[in-house]
Amino acid sequence: MTVLKGARERWVRTGGVELCVAELGDPEQPTVVLVHGYPDSKEVWSEVAARLADRFHVVLYDVRGHGRSTAPQPLRGGFTLEKLTDDFLAVADAVSPGRPVHLVGHDWGSVQAWEFVTVRRTEGRIASFTSMSGPSLDHFGHWIDRRLKRPTPRRVGQVLGQGAKSWYVYLLHTPVLPELAWRGPLGKAWPRLLARAENLPRGDYPTSSLPTDAAHGAWLYRDNVRARMRRPRDDAYAHAPVQLITPLGDVFLSERLYDDLEQWVPQLTRRTLPAKHWVPRTRPDRIAAWIEEFVTGVEGGRTAPATGKGPHADRFGGQLVLVTGAGSGIGRATAYAFAEAGARVVAVDRDAEAAARTAEMARLLGAPAAWAETADVSDAQGMEKLAEKVAAEYGVVDVLVNNAGIGMTGSFFDTTPEDWKKVLDVNLWGVIHGCRLFGKQMAARGQGGHIVNVASAAAYQPSRALPAYSTSKAAVLMLSECLRAELAGQGIGVSAICPGLVNTNITATARFAGADAEEERRRQKRTAKLYGMRNYPPEKVADAVLRAVVRDAAVVPVTPEARGAHLLARFAPRVLRALARVRPPV
């Protein structure tokens, strides 16, 4: 049996069983109690606990009949929610006498913790509750009743969909077979199956007690599910603030299951995570950060997170977002938009001062953390060093925005090989480097993510004045489409954003092939004036970036002229070819 490193152990006697309790951190700090699910033991929390131990008094215990805790005799009737509540209170009294604890539950640990936080006898003992992948059986019962009493095709579909996801619950109610399976072939194959399905890193999970834990744990379902679903309590209101973390890729629970939760939880904070079911093992960094933020807020008198006030805060709160070209224009606006949604932001720009200003403002706008990094996206070695540093210091990026780019105009014959190299190095190779390095990290993590490549309407709208720029952006668009197809099976979305005329400083730095220095400055001023008259703000492009990630959109034209050109490219390409021959005004 694996023991949590550095943990202090104690035994708590309650209801005829002995519970194995592990503690980490300073007992004088606020106590966080982690309750595991099925078919787990407390070691499922090892990565999360280690990250919380520097800040809190962390307590983990093996649920009765699991891990090193003893099982009730007889098993039937020994796992009711009432007895599990007795166990929790005994542990809380032992580890935090006289002071309420912060409760965290995953899977069946969350199911039973919903009972703890909604029954009267625990009032005053729970300061907050963080729930993951486990609903209240009472809320679940009422959720089904409301949809069946007032059926619509959508509501019936929701019930049937969740019923299909809950296929294993029916099997666990059968006599003897689950025990035989877990103690036999399923118990032996489970670590391998789980690692393949959820891409779990190997370590101290699952423990050698898995077959026995799973066999005993079947009684969690048999003792509670049917009885509580048939007669759900009408007074199952939470008496403490609740943070709900919903993995969007959970194969066992539908996101719709929590649609009505506000009526039961007066103080509810919602979080979503692009991950599968076993988030304590696959995303311990994100889970620990959210727990720390929530617990710290409640301890400080806040019942909602201090960050993430934007329209997509439930989607991006706490996620790690990296934006290239973040020192100005669309990149800066995008970094700010993610910051307002509560994301952690890495602002990358070749201008160190501009990146630092963006990171500083991102923190003021709501980012729980923001960092500035200096890099030239066209430098392959520099980007490799950046990717290594970000992964080591901040974690694997959840959303990558390849935005850095330069402008280039002029006829094809005036565009020198040096001009071509410069525009392709930044506009195309910069995107390739970002996708290759950060996308590879996302794929290796196995929990999804999203890549946003900022292309341009010029990608599908030919122009006699933009051969180099349009070629680079067309390549970015096709790269995005190819990468989207390759990464779809790994849960990684890829979006190409195609803005039209946007008022940014790219016009002030654009190159004009064949023009001398004085002529180039004159054209830059005229182009900047034209874009200023159009006055389409980069903030609208940033909003489109966030929507593209939320909706997993493939190609997103931004600005009316970009959308119009996109339609023409699909349905009237000859018109676009005719427009491409028009000489530009600059």
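Let us look at the structure shown here. (Residues numbered from 1 in each chain as written. Predicted model: local features only at pLDDT ≥ 70, side-chain atom pairs only at ≥ 80, totals over all residues. Heavy atoms only, no water.)

With that settled, the discussion passes to the sheet that holds strand E6 (residues 126–132). For sheets, the rule is that strands pair by backbone hydrogen bonds, running either parallel or antiparallel. The eight strands are arranged E1-E2-E4-E3-E5-E6-E7-E8 in an open sheet whose pairing can be described as mixed. One side of each edge strand has no neighbouring strand; the edge strands of this open sheet are strand E1 (8–14) and strand E8 (268–273). Along the sheet, successive strands turn relative to each other by an average axial angle of 20°, direction set aside. Bridge analysis of E6 against strand E7 (residues 242–247) gives four bridges, and the strand direction is parallel. The residue of E7 that forms the bridge with threonine 130 is glutamine 243. Sheet strands touched by helix H2 (residues 81–95): E1, strand E2 (17–24), strand E3 (31–35), strand E4 (57–61), strand E5 (101–106) and E6. Its angle to E1, the strand with the most contacts, is close to 130°. Helix-sheet contacts for helix H11 (residues 284–299) involve E3, E5, E6, E7 and E8, and the interaxial angle to E6 is about 155°. (Pairing = 2+ DSSP bridges. Helix = DSSP H or I, 4+ residues; strand = E, 2+ residues; numbered from the N terminus. Axes fitted to C-alpha atoms, helices over the stretch in contact; angles between N-to-C directions. Contact = heavy atoms within 4.5 Å.)

Attention now goes to the pairing of strand E10 (residues 344–349). Sheet faces and side chains relate simply in a regular strand, where the side chains alternate between the two faces. The buried count for E10 comes to six of six residues, which makes it a mostly enclosed element. Of the two faces of E10, the one lined by Arg344, Val346 and Val348 and the one lined by Val345, Ala347 and Asp349 are each fully buried. Strand direction decides the pairing type here: strand E9 (residues 320–324) and E10, joined by five bridges, are parallel. In the strand pairing of E10, leucine 322 is matched with valine 346. In this fold, the crossover linking E9 to E10 by way of helix H13 (residues 329–340) has right-handed handedness. Where E10 and strand E11 (residues 370–374) come together, five bridges link them in parallel fashion. What sits directly across from aspartate 349, in E11, is threonine 374. Between the parallel pair E10 and E11, the chain is carried across by helix H14 (residues 352–365), and the sense of this crossover is right-handed. (Buried < 20%, exposed > 50% of the residue type's maximum accessible area, 1.4 Å probe, protein only. Right-handed = clockwise from strand over helix to strand, strands pointing away.)

Spatially, seven strands are ordered E11-E10-E9-E12-E14-E15-E17 in an open sheet, and the strand pairing comes out parallel. The two strands at the open ends of the sheet, each matched to only one other strand, are E11 and strand E17 (555–558). Across this sheet, the average inter-strand angle for adjacent strands is 15°, counted without regard to direction. Bridge count for strand E12 (residues 399–402) against strand E14 (residues 449–454) is four bridges, and the pairing is parallel. Bridging across to E14, valine 401 finds its partner in valine 452. Those strands touched by H14 are E10 and E11, and its axis lies near 170° from that of E11.

Closest axis-to-axis distance for the H13/H14 pair is 8 Å, and the angle between their directions is 25°. Classified by the interaxial angle, the pair formed by H13 and H14 is roughly parallel. Crossing of H13 against H14: the hand is right-handed. Every residue of H14 that contacts H13 at Arg332, Ala335, Tyr336, Ala339 and Glu340 is listed here: Arg357, Thr358, Met361, Ala362 and Leu365. Looking at the contact of H13 with H14 residue by residue, the classes come out as six nonpolar, one polar and three charged. (Parallel < 35°, antiparallel > 145°, perpendicular 65-115°, else oblique. Left-handed = near helix turned anticlockwise from the far one by under 90°. Nonpolar A, V, L, I, M, F, W, Y, C, P; charged D, E, K, R; others polar.)

Here glycine 187 shows up in helix H8 (residues 185–198). The spatial distance from the C-alpha of glycine 187 to the C-alpha of serine 209 is 9.6 Å, given a sequence separation of 22 residues. Those residues in contact with glycine 187 that sit more than four places away from it in its chain are Ala181, Trp182, Leu210 and Pro211.

Moving on: H8. Counted at 1.5 Å a residue, the expected span for H8 with its 14 residues is 20 Å, and the 20 Å between its end C-alpha atoms agrees. Helix geometry: H8 is bent most strongly at proline 191, by close to 35°. Those residues of H8 lying buried are Gly187, Ala189, Trp190, Pro191, Leu194 and Glu198. Those residues of H8 that are buried are in contact with helix H7 (177–183), helix H9 (210–230) and helix H10 (279–282). With its phi angle positive at about 55°, asparagine 199 sits one or two positions after the end of H8. (Expected span 1.5 Å × (residues − 1). Bend = angle between axes of the 7 residues up to and from the residue.)

Counted under the stated rule, the structure contains 17 aromatic pairs. Ring centres of phenylalanine 140 and tryptophan 143 lie 6.0 Å apart, and the angle between their planes is 55°; this geometry places the pair in the tilted category. Of this pair, phenylalanine 140 and tryptophan 143 both sit in helix H4 (residues 137–149), three residues apart, roughly one helical turn. Across the pair, exposure class does not vary: phenylalanine 140 and tryptophan 143 are buried alike. (Phe/Tyr/Trp six-rings, centres within 6.5 Å; stacked < 30°, edge-to-face > 60°.)

The next thing to look at is the nonpolar core. Ranked by size, the top nonpolar core spans 87 residues in total, and within it Val58, Leu60, Tyr61, Phe88, Leu103, Trp108 and Tyr221 carry the most contacts. Dropping the residues within four chain positions of it, tyrosine 61 is found in contact with Leu19, Cys20, Val21, Val33, Leu34, Val35, His36, Lys42, Phe88, Val91, Gln112 and Phe116. The next biggest cluster of nonpolar side chains, apart from the first, holds 42 residues, and it includes Val397, Trp420, Leu483 and Ile492. (Core = buried A, V, L, I, M, F, W, Y, C linked by side-chain atoms within 4.5 Å.)

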